[in-house]
Amino acid sequence: TPSGRRAASAHALATSDLHAMAHAVAKGYLHKILDPLLDAYPQELDLADLALRAGMSVEGGAFGGYVRELRALGFVVSTKTSARAADALFLEPAVR
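Now for a quick tour of the structure. Fair warning: this is a prediction, and the values are worked out from it, not measured in the lab.

## Side note on the sheet that holds strand β1 (residues 45–46)
With respect to topology, 3 strands assemble into an open sheet ordered β1-β3-β2, the strand pairing being antiparallel. Across the chains shown, the open sheet's two edge strands, defined by having one partner strand only, are β1 and β2 (76–78). Sheet topology note: the β2/strand β3 (residues 82–85) ladder contains 3 bridges and is antiparallel. Counterpart to V76 in the pairing with β3 is A85. With respect to the sheet, helix α3 (residues 29–40) is in contact with β1, β2 and β3, its orientation differing from that of β3 by roughly 75°.

## Here's the deal with helix α2 (residues 15–25)
When we look at burial in α2, the residues that qualify are L18, H19 and A22. Axial view of α2: buried residues confined to an arc of 100°, hence all on one face.

## Overview of the pattern of salt bridges
In total, this model carries 2 salt bridges according to the counting rule given. Here R53 ties to D49 by a salt bridge, and the two come within 3.1 Å at their closest N and O atoms. Residue R53 and its partner D49 are both found in helix α4 (residues 47–54); the two are separated by 4 residues, about one turn of the helix. The exposure class of D49 is partly exposed, given its relative accessible area of 27%.

## Things to note about the environment of H19
Note that H19 resides in helix α2. On the basis of relative accessibility, which here comes to 15%, the residue H19 falls in the buried class. Residues H19 and L38 lie 19 residues apart in sequence; the distance between their C-alpha atoms is 8.2 Å. Discounting residues that sit within four places of it in the chain, H19 has contacts with L38, L89 and F90.

## Regarding the environment of D35
Note that D35 resides in helix α3. Between the C-alpha atoms of D35 and R53, which are 18 residues apart in sequence, the distance is 9.2 Å.

## Digging into the nonpolar core
The nonpolar side chains of a soluble globular protein tend to be buried, and buried together. Ranked by internal contacts, the top residues of the largest apolar core, which has 24 residues, are I33, L34, L37, L50, F63, L70 and F75. Those elements giving two or more residues to this core turn out to be α3, α4, α5 (61–72) and β3. Per-element tally for this core: the top contributor is α3, with 6 residues. The residues contacting L50, other than those within four sequence positions of it, are I33, P36, L37, L45, F63 and A83.

About the thresholds
Residues numbered from 1 in each chain as written. Predicted model: local features only at pLDDT ≥ 70, side-chain atom pairs only at ≥ 80, totals over all residues. Heavy atoms only, no water. Pairing = 2+ DSSP bridges. Helix = DSSP H or I, 4+ residues; strand = E, 2+ residues; numbered from the N terminus. Contact = heavy atoms within 4.5 Å. Axes fitted to C-alpha atoms, helices over the stretch in contact; angles between N-to-C directions. Buried < 20%, exposed > 50% of the residue type's maximum accessible area, 1.4 Å probe, protein only. Arc of directions from axis to C-beta. Salt bridge = Lys/Arg side-chain N within 4 Å of Asp/Glu carboxyl O. Core = buried A, V, L, I, M, F, W, Y, C linked by side-chain atoms within 4.5 Å.

Structural measurements only, silent on function.
Below, the structure written as structure tokens:
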């Protein structure tokens, strides 16, 4: 119905809302890793480049732990050499 559509659109989420919710969950250094991935989406970033953008060392155990934590939260898709922001953080489908 028209009134239903109006009510639904009043509560519609934007991609920025999804990012704000992710930031509310991802505290501290997780932001430093998540933000470059959000900016690069839908592209993957090499882990060494991601660590540099986050101001961290790819060699340190902390960086890998943070990437794993973001993956466990469902915010990041990663391999042994690269990472990207998860599609779930974007309303529009990715064109890769």
